[in-house]
Amino acid sequence: KPSVLTGEEIMSLRKSNRQLLKLINDATKIKQRLNQLFHLKEFKHGRLLKSDFGLKLLELTTREMITKEKINEILPVSSKRMIKEEVIKALQEFQGRLNEIEKISLGNEVMQLQLIEIAKNRQRMAYYAMARKNIKFLKQMKLLLTIAGVGPDTAATIVAEIADISYFPSPSKLAKWAGLAPRVYQSGHRKHVTGRIHKGGNKFLRRAVVLACQNIHAKGHESNPLKQFIIKKKESMDSYWKAICAGARKLLVMIWHMLKKGITWTRPKLTKELTAKLEKVLLRKVTLFENKTKKYRKAWEKLSSKSTEAFETIIIIQNDPRMLLKTLINSV
């Protein structure tokens, strides 16, 4: 699998982002195990895993009896919302269904999840610290954060894994390196394109753009052109993952243009200055087209005027087709 040369700073950022990815995967595995326990014990408030307050509630469930007074003690002072009675009742029922071994296991899982959340936040400080020192990295981060559906973690991963956009002379080279190009089997002159991605190159870059496309498809605004593209592909191909892969490749091509040209995701406003520039470009292109048309028209008129003389000359030179062609070329 090919790689690119990177400096010490970018390599450190790569290692940090990959460690962050490992922590996210570990947290996901723990949440899956907890959701399985919730399903077995008929506890339908798995959304508590998504907040620090919810994790504190679950930790409290493993230590002592759940009451409203105990919950108010751990409730943040700045929070104005109060926990609903149905959630308190569900926690009490869930606590009653757990045996001692399950309580110990639940407490350990929740504690690990809390420690992973702290480690994730500390790990994110790596690209924040780099953005303070490295102006180029900060500029690239700002460009990628203009994409709807791309957050700081994804943007930092994309910048770190690409390293330097000048390594890739075209968007197709970047797509191939990320493993989003179709597989090709070739023997001699016979070439067979399978349509399946070959998954070579950098798997971390491929994962980042695929997750961004999943986020855009699930939560993006209806006016987002990339979401519209994914939906159309999904309807035509009748496959979710094929549509996501096609959207990921398209997103990667857009990222190449953004980093290469320094342009943002949003379209620029049509000001008077921009309108004047566009009019000049259009007038110049129209003038060039008219000049070429005049040139070809003159050549055609000259060819048609000389063609009669050429056919009369060919009669004299014994009807040789090669001589006729030579005479026509010389006449022009």
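What you are looking at is a predicted structure, and each value in this text was computed from that prediction instead of being measured.

Novice: Just give me the short version of the overall build of the protein, but keep the residues and values in it.
Specialist: On a plain count of helices and strands, the protein comes out with 13 helices and two strands. Here the protein, with 332 residues, has 35% of them falling under the buried criterion. Restricting to contacts in the protein with at least 6 residues of sequence separation, those with at least 24 account for 60%. Surface accessibility of the protein: about 22300 Å² in total, with carbon and sulfur atoms responsible for 57%.

Novice: Quick one: what's the story with the packing of aromatic side chains, residue by residue and with numbers?
Specialist: For the coordinates displayed, the defined rule picks out six aromatic pairs. Judged by centre distance (5.1 Å) and plane angle (70°), the ring pair of Phe 38 and Phe 43 falls under edge-to-face. Of the two residues, Phe 38 and Phe 43, both sit in the buried class. Where Phe 38 meets Phe 94, the ring centres are 5.5 Å apart and the plane angle is 80°; that geometry is what we call edge-to-face. With Phe 38 in helix 1 (residues 8-40) and Phe 94 in helix 4 (residues 85-97), the pair connects residues that are 56 residues apart, well separated along the chain. For Phe 38, a relative accessible area of 2% translates into the label buried. These aromatic residues form a ring-pair network of at least three members: Phe 38, Phe 43 and Phe 94. When the ring centre of Phe 229 is taken as origin, the NZ or CZ atom of Lys 250, which lies over that ring, is 4.8 Å away.

Novice: Please set out the pairing of strand 1 (residues 182-187) residue by residue, giving values where relevant.
Specialist: For strand 1 and strand 2 (residues 190-197), the ladder comprises five bridges, and the chain directions are antiparallel. The partner of Ser 187 across the bridge, within strand 2, is Arg 190. Two successive antiparallel strands, strand 1 and strand 2, enclose a turn made up of two residues, where Gly 188 displays a positive phi of approximately 70°.

Novice: Explain the side chain of Glu 161 to me, and be specific about the residues and the numbers.
Specialist: On the secondary structure map, Glu 161 appears in helix 7 (residues 152-162). Separated by 2.9 Å, the side chains of Glu 161 and Arg 18 make a polar contact. Ignoring any residue separated from it by four or fewer positions in sequence, one finds Glu 161 in contact with Val 4, Arg 14, Arg 18, Trp 177, Asn 202, Phe 204 and Leu 205.

Novice: Go over the nonpolar core, please, and point to the residues and values.
Specialist: Phe 137, Ile 162, Leu 174 and Ile 255 are the most contacted members of the largest nonpolar core, which totals 43 residues. Of all the secondary structure elements, the ones that give two or more residues to this core are helix 1, helix 5 (100-133), helix 6 (135-144), helix 7, helix 8 (171-177), helix 9 (203-219), helix 10 (225-237) and helix 11 (240-261). Counting residues per element, this core draws most heavily on helix 11, which supplies nine residues.

Novice: Could you give an account of the state of the cysteines, naming the residues involved and the relevant values?
Specialist: Here, disulfide denotes a covalent bond that connects the sulfur atoms of two cysteines. Summed over all chains, the structure comprises zero disulfides. In this model Cys 213 remains outside any disulfide bridge; the closest cysteine sulfur is found in Cys 245, 9.0 Å from its own.

Novice: Hey, could you go over helix 9 for me, with residue numbers and the actual values?
Specialist: Along its 17 residues, helix 9 runs 24 Å from first to last C-alpha, staying within 8% of the 24 Å computed at 1.5 Å per residue. Where helix 9 is concerned, the buried positions are Leu 205, Arg 206, Ala 208, Val 209, Val 210, Ala 212, Cys 213, Ile 216 and His 217. The inward-facing, buried residues of helix 9 contact helix 7, helix 8, strand 2, helix 10 and helix 11. The N-capping residue of helix 9, defined by a side-chain oxygen 3.0 Å from the backbone nitrogen of Phe 204, is Asn 202.

Novice: Describe the environment of Gly 96, with residues and values.
Specialist: Structurally, Gly 96 can be placed in helix 4. Since its relative accessible area comes to 62%, Gly 96 is described here as exposed. Along the chain, Gly 96 and Lys 41 lie 55 residues apart, while their C-alpha atoms are 9.7 Å from each other.

Novice: I'd like a description of unusual backbone geometry, backed by residues and values.
Specialist: A positive phi angle, near 70°, is found at Ala 163, a position not held by glycine. Residue placement: Ala 163 occurs in the loop between helix 7 and helix 8.

Novice: Before we move on, can you summarise the pattern of salt bridges with the specific residues and values?
Specialist: By the definition in use, this model includes eleven salt bridges. In this structure, the salt-bridge partner of Arg 33 is Glu 109, at a minimum N-O distance of 2.9 Å. Placement of Arg 33 in helix 1 and of Glu 109 in helix 5 is noted, with a sequence separation of 76 residues between them. Residue Arg 33 is classed as partly exposed on the basis of its relative accessible area, which comes to 40%. Looking at Glu 109, the relative accessible area reads 13%, which means it is buried. A salt bridge links Asp 164 to Lys 136, with the shortest nitrogen-to-oxygen separation between them at 4.0 Å. Of this pair, Asp 164 sits in the loop between helix 7 and helix 8 while Lys 136 sits in helix 6; the two residues are 28 residues apart in sequence, bridging distant segments of the chain.

What counts and what doesn't
- Residues numbered from 1 in each chain as written.
- Predicted model: local features only at pLDDT ≥ 70, side-chain atom pairs only at ≥ 80, totals over all residues.
- Heavy atoms only, no water.
- Helix = DSSP H or I, 4+ residues; strand = E, 2+ residues; numbered from the N terminus.
- Buried < 20%, exposed > 50% of the residue type's maximum accessible area, 1.4 Å probe, protein only.
- Contact = heavy atoms within 4.5 Å.
- Areas by Shrake-Rupley, 256 points an atom, 1.4 Å probe, with all protein chains shown as cover.
- Phe/Tyr/Trp six-rings, centres within 6.5 Å; stacked < 30°, edge-to-face > 60°.
- Lys NZ or Arg CZ within 6 Å of the ring centre and 35° of its normal.
- Pairing = 2+ DSSP bridges.
- Polar contact = N/O pair within 3.5 Å; in protein donor to acceptor, adjacent residues only side chain to side chain.
- Core = buried A, V, L, I, M, F, W, Y, C linked by side-chain atoms within 4.5 Å.
- Disulfide = S-S within 2.5 Å.
- Expected span 1.5 Å × (residues − 1).
- Salt bridge = Lys/Arg side-chain N within 4 Å of Asp/Glu carboxyl O.

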